[in-house]
Amino acid sequence: MIFSILVNEGPYTHQASDTAFNFTMAALAKGHRIFRVFFYHDGVNNGTRLTTPPQDDRNIVARWSKLAQESELDLVVCVAAAQRRGIVDDGEAKRNGKDATNLAPGFRISGLGQLIEAGIQSDRIVTFGD
Amino acid sequence: MSTIKKFLFVNRKAPYGTVYALESLEVVLIGAAFEQDVSLAFMDDGVYQLKKGHQTKGIGMKGFEKTYGALEDYDVTKLYVDQESMAARGLTPDDLCVPVEMMPRADMGKLMEEQDVVLSF
């Protein structure tokens, strides 16, 4: 089956990102395809490479980045939600005159059309978050 | 991208206090721009999103009541409101800023079953 995943809450505050990650791992292990993981609302905060949790805790952001690399996952952060919350890549930094970027490896910033496309192309969209 | 799917956006939260209602509307408009078969459902405190006369000056936030009125321009005309949620809050269709179809909760379940994609905000 082709799944897409929607993550609507930020890391650490809410379990949504952890559960989405575990679901994604389980789906891949069962041989399903993940068309896309889309981060919306505070979920965009899962895409900042500046995250630095204590060493004995899981690194939620790095974990997504690693999985993206290993499984060629498409991790998409919503541009409008990201702009509100200060998640920036090179292109956005240039466009908006920012002096820094913080998008984590394996993530890309794009529009809400990517979420609608995920709905069209996938058999199921599974939402994590309130 | 010629596939047309049935998208239902379920709105459960009050319009202000959290960003969900505003960011849900943004997805709805993109869904309409992609020429999908878009419906909206309003349940729980989500029915307050459609209440006439949002006054947001006091909380320093941009009001977006007008966007609901503009949905028609995007061919988004299927707006369903949960009857029980309305009754629990003392609201009638006259209190709302756009025309809606009042729907008993049991039928809301059927509506969701008919969809290809259900996104809840």
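Reading the values: rules and limits
Residues numbered from 1 in each chain as written. Chains lettered and ligands numbered in written order. Predicted model: local features only at pLDDT ≥ 70, side-chain atom pairs only at ≥ 80, totals over all residues. Heavy atoms only, no water. UniProt positions renumbered as here; feature names shortened; annotations may be inferred. Helix = DSSP H or I, 4+ residues; strand = E, 2+ residues; numbered from the N terminus. Expected span 1.5 Å × (residues − 1). Contact = heavy atoms within 4.5 Å. Core = buried A, V, L, I, M, F, W, Y, C linked by side-chain atoms within 4.5 Å. Buried < 20%, exposed > 50% of the residue type's maximum accessible area, 1.4 Å probe, protein only. Buried area = accessible area lost by both parts, 1.4 Å probe. Salt bridge = Lys/Arg side-chain N within 4 Å of Asp/Glu carboxyl O. Polar contact = N/O pair within 3.5 Å; in protein donor to acceptor, adjacent residues only side chain to side chain. Nonpolar A, V, L, I, M, F, W, Y, C, P; charged D, E, K, R; others polar. Pairing = 2+ DSSP bridges. Axes fitted to C-alpha atoms, helices over the stretch in contact; angles between N-to-C directions.

Looking at an unreviewed UniProt entry, chain B carries the name Sulfurtransferase complex subunit TusC, with the source organism given as Candidatus Nitricoxidivorans perseverans.

Within an unreviewed UniProt entry, the label attached to chain A reads Sulfurtransferase complex subunit TusD, and the organism entered is Candidatus Nitricoxidivorans perseverans. Under the UniProt heading Sequence similarities (unreviewed entry), the entry covering chain A gives this text: "Belongs to the DsrE/TusD family." Here is the UniProt Subcellular location (unreviewed entry) comment for chain A, exactly as written: "Cytoplasm".

Take helix H1 (residues 16-29) of chain A next. Counted at 1.5 Å a residue, the expected span for H1 of chain A with its 14 residues is 20 Å, and the 20 Å between its end C-alpha atoms agrees. Where H1 of chain A is buried, its residues contact strand E1 (2-7), strand E2 (33-39), helix H2 (60-71) and strand E5 (124-128) of chain A.

Let's shift gears to H2 of chain A. In a regular helix each residue adds 1.5 Å, so twelve residues correspond to 16 Å; H2 of chain A covers 16 Å between its end C-alpha atoms and thus fits that length. For H2 of chain A, the elements touching its buried residues are E1, H1, E2, strand E3 (75-78) and strand E4 (107-110) of chain A.

What follows deals with the side chain of Asn11 of chain B. Looking at where Asn11 of chain B falls in the secondary structure, it is placed in strand E1 (residues 6-11). Setting aside chain neighbours within four positions, we find Asn11 of chain B in contact with Ser24, Leu40, Ala41, Phe42, Met43, Gly46, Gln49 and Phe121 of chain B.

For the rest of this paragraph, the subject is the nonpolar core. Ranked by internal contacts, the top residues of the largest apolar core, which has 65 residues, are Trp64 of chain A together with Phe9 of chain B. For Phe9 of chain B, the residues in contact, after removing those within four places along its chain, are Ile116 of chain A together with Val27, Val28, Val38, Ser39, Leu40, Ala41, Leu119 and Phe121 of chain B. Core analysis: the next-biggest nonpolar cluster, separate from the first, contains eight residues, Val10, Tyr80, Met108 and Leu111 of chain B among them.

With that settled, the discussion passes to the interface of chain B and chain A. Chain B puts 21 residues into the contact, and the matching count from chain A is 21 residues. Taken over both partners, the interface formed by chain B and chain A buries close to 1700 Å², and the fraction arising from carbon and sulfur atoms is 64%. Where chain B packs against chain A, one counts three salt bridges. Here Glu23 of chain B and Arg85 of chain A are joined by a salt bridge, their closest N and O atoms 3.0 Å apart. Across the chain B-chain A interface, the total number found is nine residue pairs in polar contact (both at pLDDT 80 or more). Looking at the side of chain B that touches chain A, the elements with two or more residues in it are E1, helix H1 (20-33) and strand E5 (117-120) of chain B. Counting residues per element, the side of chain B that touches chain A draws most heavily on H1 of chain B, which supplies eight residues. Looking at the side of chain B that touches chain A, its residues break down into twelve nonpolar, five polar and four charged.

Moving on, we come to unusual backbone geometry. All names here are of chain B. Phi is positive for Glu35, which is not a glycine, with a value near 55°. By secondary structure assignment, the location of Glu35 is in the loop between H1 and strand E2 (37-42). Residue class for Glu35 comes out exposed when judged on its relative accessible area of 62%. Although it is not a glycine, Asp75 sits at a positive phi angle of roughly 60°. For Asp75, a relative accessible area of 68% gives the class exposed.

A few words now on the sheet that holds E3 of chain A. Residues and elements named next belong to chain A. Spatially, E4-E3-E2-E1-E5 is the arrangement adopted by the five strands of the open sheet, whose pairing is parallel. Each having just a single partner strand, E4 and E5 make up the two edges of the open sheet. If you compare each strand with its neighbour and ignore which way they point, the axes differ by 25° on average. Looking at chain direction, E3 and E4 are connected through four bridges and run parallel. Bridge pairing links Cys78 to Ser110 in E4. Against the sheet, H1 contacts E1, E2 and E5, and its axis sits at roughly 170° relative to E1. Against the sheet, H2 makes contact with E1, E2, E3 and E4, and its axis sits at roughly 95° relative to E4, the strand it touches most.

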